[in-house]
Amino acid sequence: MDATRRVTAVLGPTNTGKTHHAIDRMLAHRTGVIGLPLRLLAREVYDRIVARVGPSVVALVTGEERIVPDRTQYWVCTTEAMPLEIGADFVAVDEIQLCADADRGHVFTDRLLRARGLNETLFLGSDTMRGAIAGLVPHVTFLKRDRMSTLKYAGSKKISRMPARSAIVGFSVENVYAIAELIRRQKGGCAVVMGALSPRTRNAQVALYQNGDVDYLVATDAIGMGLNLDIKHAAFSATAKFDGRRMRALFPHELAQIAGRAGRHTEDGTFGVTGEARPFDDDLVEAIENHRFAPVKKLHWRNESLDFGTVDRLIRSLEEPTSNDWLTRARDADDLLALKALSALPEVQDKLTEPKRVQLLWDVCRIPDFRSSTGPEHTTLLTRIFEFLVGRGLGGGRIPSDWLAQAIKRIDKTEGDIDALSRRLAHIRTWTYVTQRKNWVEDESHWRDETRAVEDRLSDALHTALTQRFVDRRTSVLLRRLKQKEALVAEVNDKGEVTVEGEFAGKLEGFRFSQDASATPDAARTLAQAALQALKPEFHLRADRFYNAPDTELDFTEQGGLMWGSSAVGKLVKGAEAAKPSVEAFVDEEAGPEVVEKVRRRLQHFIDRKVAAQFEPLLAMGRDEALTGLARGFAFRIAEAMGVLPRDTVAAEVKELDQEARGALRKHGVRFGQFTIFLPALLKPAPTRLRLVLWSLWNGLQEFPESPPPGLVTIPNVTEVPKQHYTLAGYHPAGTRAIRIDMLERLADILRQKDSRAGFEATPDMLSITGMTLDQFADLMAGLGYKGEKAERLKVKTTEAPKAPEISEEAAAAIAAGLPIPEEVSIHAPAPEPEGEPAAPEMEAFYTFTWAPKPRHQRPERGPRPERKEGEARAPRGDRPKGDRPQGERPQGERPQGERPKGDRPKGDRPKGDRRDDRKGGKPPREERQKSFEARPPRAEKPIDPDNPFAALLALKGKV
């Protein structure tokens, strides 16, 4: 082949098939090398070539990945990693216009000047490079390729109106994440592509987009470098970026490179702006659409003929200028800056004793700063690696395996957020690059596999984190199905979980559908519509199961809710009577009126049966036609109070009841207690719980009082809680505690046997009934109207049975020998002497209780009570007005039997067998009567009138 035809420049805009053409040309030769600008693109091309010729003859070489089979024929590399010394038949360099890039341009310029294939060389890129290539490469042939589709400007669009299959471009990680989050909320999700991603993560993200799981792609300008994606619209969120030195506006050809990703093969594409980006002017739009840009005038260049004699000579060779009009010396790159920083360190200068070490230092300085760390941090790492490689007695010319293992172990963690995983990926890329260098580590294959495995794990974790954060699969699937006008498949499982197209949409709780709150607004209506399609038959099936469910599966809450298992299906509402509540069913309207009515009827049956079962004694008393007159009226009062009636509220009605009426009520279980009139059967936990709910419902309370736990004799008496709530719960407040009503009446029966005027002590039976300590019982008694006086006394100990006297040792010896006991020998052993000081007498506390009710409040309409003058006779007891008696809060029937007036004793109130003894009267025998005392002062002694006919008898007073 003629030498003048060996170099070809294939130039044109994006989507012209240049890379595809280069692959075809390379495979037409026996060997070949192709250099690509990004390792992501290198991996894509490698996969395409492997699919055509197999992996055994294709190598992949990047800074962090090296796959080189023994029979390698074709090399796919990043431009920096291209092997130039192997003498391949074919050489190609893609995106050759990067010769004008300020950071990497010198690498591409070097390949333009020196990279040649033995038979064919291709340079692929923009038509702006035509003049520069013609001026630098002799005998080059130009091949122009036109775009396969049309690219049009679509103006500015909001992200909410962005069409499907769009790519939104940002120029910072923060900007990319913010756009991705916005798209997730409005569009269901997106894929994220950035140059910092590993190939594994990037491929996984691209697969989300290419497979149609998401319709949007958010990326950096990395997509402009040859990534072939199915993009119909490219939108710029900004038109400026930070290039590592400063913020600058994107050049028109850079904008065109990215915009050209829209449209694939023969499909047309559009481009535009979004967010805060300003719309393009007409000249820029015309340049991008027609791919007409100013030609490249200068290429960045750096001398590749390096002098490793000393570090200073090396730096001078790197900074050598050029006299070529097409070339300009590149600015100091990161590797040159690192070389200058390390060579200034004394510990590094001492080791630069020969050219090989200078060259080794240069190789170390070329380790990329993947972490984008601060200068000192990266310099410290490079210094440490250089010290290991030159040998300090630690590494022996190699990076120590244990040190490398610890560094990798700190990175090998897959937990954390996106930022943490991205940082770890950047760190592992450094060690991946290091292990790819020959003779830098021991057991190179092991460490290459180890770093690759860690990178893969982190890549998978990062892909998962990106997907979880920026992709709402459910919403994206639903929106895609709607656009395709397909019927959505919805299902309901046994737990009530509703799925639409396999994605969780919500839960059916009872007969109400609770939609998943995480759904985006755009998908919420779609979710509800699709879910209800599956719920219509499910509502009817559930209603049938509910209607036939046993009462044991239903229950009511203490706030009036109605439950079916763990699902709320309704609530109680006020009915015509307190004991006849109505129900309200919780059923979605979409279920239909038939389901609503079926659920309502079942709930009404349940609560009616519940009331009938728990209040059966009360309802039976109301149905008893034998109750007439006052007994029937009193039965109505008890039913109105739901079985628990404080006695002081019906004292007058109780007095009017005769023995026959009381007996008729007792037949229904009514107990006339001293404090409460109640039905003991209705004090059980279940009726009490229902009574509180029904009473609260009837009285329109917003928050219902809850019933106390079952089994408690006393509960705390909270002052903020109304006394009526305690009564309904079956308790009577007294002091700081409230005592159960039935236990209080048992206590009252015992107290009636005590003399409350002379005073009495608490017995073990009293404490056993209440379950209280003595001090707690005293507080309870104070709440019942008794005064307790505390005192101490010697504790009476129980006497032990006398022990048999012990025999003395001399007497025991004589008995054992069979001899008589001598007279001088004492039979009894001496009593043991007490040790130490005698014990102090043990004291015990006790209370003496007397009846001391609180004085009744003086009613204003009665006026003050007239004071009795000294010497004036006291009015007879029968003549004292009833209202003047200081009864306090003590209910009738609580006065001790000995001082209760006959007129106040309720007849027939005590059941048979309740008498204190066999005596019919209430008074004790004369010898048992206590002396009476009066609070008035003693009368003054008067001399005996001698004329009084009873003078003789009065003189004998006190002598008999």
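Everything below is about the structure shown above.
Here goes a summary of the coordinates provided. (Residues numbered from 1 in each chain as written. Predicted model: local features only at pLDDT ≥ 70, side-chain atom pairs only at ≥ 80, totals over all residues. Heavy atoms only, no water.)

Before going further, it helps to examine the sheet that holds strand β30 (residues 714-716). Reading across from one edge, β30-β32-β31 is the order of the three strands in this open sheet, with antiparallel pairing throughout. Unpaired on one side and paired on the other, β30 and β31 (731-734) mark the two borders of the sheet. Geometrically, the sheet is characterised by an average inter-axis angle of 30° between neighbouring strands, direction not taken into account. In the sheet, β30 pairs with strand β32 (residues 737-740) via three bridges, with the strands oriented antiparallel. The partner of T714 across the bridge, within β32, is I739. Sheet strands in contact with helix α26 (residues 741-751) are β31 and β32, and its direction is about 85° off that of β32. Contacts from helix α28 (residues 774-784) reach β31 and β32, with the element oriented near 95° to β31. (Pairing = 2+ DSSP bridges. Helix = DSSP H or I, 4+ residues; strand = E, 2+ residues; numbered from the N terminus. Axes fitted to C-alpha atoms, helices over the stretch in contact; angles between N-to-C directions. Contact = heavy atoms within 4.5 Å.)

All right, on to the pattern of salt bridges then. Applying the stated criterion to the full structure yields 49 salt bridges. Salt-bridge contacts for D221 lead to K241; the nearest nitrogen and oxygen are separated by 3.0 Å. Highlighted residues: D221 in the loop between β12 (216-219) and β13 (233-236) and K241 in strand β14 (residues 240-242), separated in sequence by 20 residues. Residue class for D221 comes out partly exposed when judged on its relative accessible area of 26%. The partner of E640 in a salt bridge is R637, with the nearest N and O atoms 4.0 Å apart. Taken together, the residues span about one helical turn, with E640 and R637 both in helix α21 (residues 629-640) at a distance of three residues. For E640, a relative accessible area of 51% corresponds to the exposed category. Among the residues examined, R637 registers a relative accessible area of 26% and is labelled partly exposed. A single network of salt bridges, built from pairs that share partners, joins R39, E64, R429, R452 and E455. (Salt bridge = Lys/Arg side-chain N within 4 Å of Asp/Glu carboxyl O. Buried < 20%, exposed > 50% of the residue type's maximum accessible area, 1.4 Å probe, protein only.)

Here we come to the environment of T649. Note on placement: T649 falls in the loop between β27 (644-646) and α22 (651-656). C-alpha separation for the pair T649 and T676, spaced 27 residues apart in sequence, amounts to 9.5 Å. Among the polar contacts made by the side chain of T649, one reaches the main-chain carbonyl oxygen of P646 at a distance of 2.6 Å. (Polar contact = N/O pair within 3.5 Å; in protein donor to acceptor, adjacent residues only side chain to side chain.)

Note on soluble globular proteins: their nonpolar side chains tend to be buried together. The biggest cluster of nonpolar side chains holds 63 residues, and the ones touching the most others in it are L339, L361, V364, I385 and W431. Per element, the largest residue contribution to this core is eight residues, and it comes from helix α16 (residues 444-470). Setting aside residues up to four positions removed in sequence, V364 forms contacts with L382, I385, F386, L389 and W440. Counting 62 residues, the second largest nonpolar core, distinct from the first, contains V498, M642, L657 and A661. (Core = buried A, V, L, I, M, F, W, Y, C linked by side-chain atoms within 4.5 Å.)

The next thing to look at is unusual backbone geometry. One non-glycine residue with positive phi stands out, namely H139, at about 55°. The residue H139 is located in the loop between α4 (130-136) and β8 (140-144) in this model. Since its relative accessible area comes to 55%, H139 is described here as exposed. Positive phi values are uncommon outside glycine, yet R165 reaches one of about 65°. Note on placement: R165 falls in the loop between β9 (151-156) and β10 (166-169). R165 sits in the buried class, given a relative accessible area of 10%.

Within the fold, Q257 resides in helix α7 (residues 252-259). Through-space distance from the C-alpha of Q257 to that of I223 is 9.0 Å; in sequence the pair is 34 residues apart. In contact with Q257, not counting residues within four places along its chain, are T14, E95, Q97 and G224.

Looking at helix α9 (residues 311-318), one finds that the buried residues are V311, L314, I315, S317 and L318. Considered in projection along α9, the buried side chains sweep an arc of 160° and stay on one side of the axis. Buried-residue contacts for α9 involve β18 (327-329), α10 (334-343) and α12 (355-365). (Arc of directions from axis to C-beta.)

Turning to the packing of α26 against α28, a few remarks are in order. Relative orientation of the contacting elements α26 and α28 amounts to 85°, with a least axis distance of 13 Å. Considered as vectors, α26 and α28 are oriented roughly perpendicular to each other. Facing L744, L747 and L751 of α26, the residues of α28 in contact are F777, L780, M781 and L784. A class-by-class count of the residues in the contact of α26 with α28 yields seven nonpolar, no polar and no charged. (Parallel < 35°, antiparallel > 145°, perpendicular 65-115°, else oblique. Nonpolar A, V, L, I, M, F, W, Y, C, P; charged D, E, K, R; others polar.)

On to the pairing of strand β1 (residues 7-11). Extensive coverage of β1 is indicated by the burial of five of its five residues. On β1, burial covers both faces: V7, A9 and L11 on one face and T8 and V10 on the other are all buried. Here β1 runs beside β8; their pairing, made up of five bridges, is parallel. Paired with V7 across the two strands is V140, which belongs to β8. Looking at chain direction, β1 and strand β7 (residues 120-125) are connected through five bridges and run parallel. Bridge pairing links V10 to L124 in β7.

The next point concerns the sheet that holds β9. Backbone-to-backbone hydrogen bonds join strands into a sheet, with any given pair of strands oriented parallel or antiparallel. Across the sheet, which stays open at both edges, the six strands sit in the order β9-β16-β13-β10-β12-β11 with parallel pairing between neighbours. A single partner strand is all that each edge strand has here, and the edge strands are β9 and β11 (191-193). Mean inter-strand twist for the sheet, computed between neighbouring axes without regard to direction, equals 20°. Pairing of β10 with β12, which is carried by four bridges, proceeds in the parallel orientation. Looking at β12, one finds that I168 is bridged to V218. Running over the sheet, helix α8 (residues 282-290) touches β9 and β16 (269-273) and is turned about 150° from β9.

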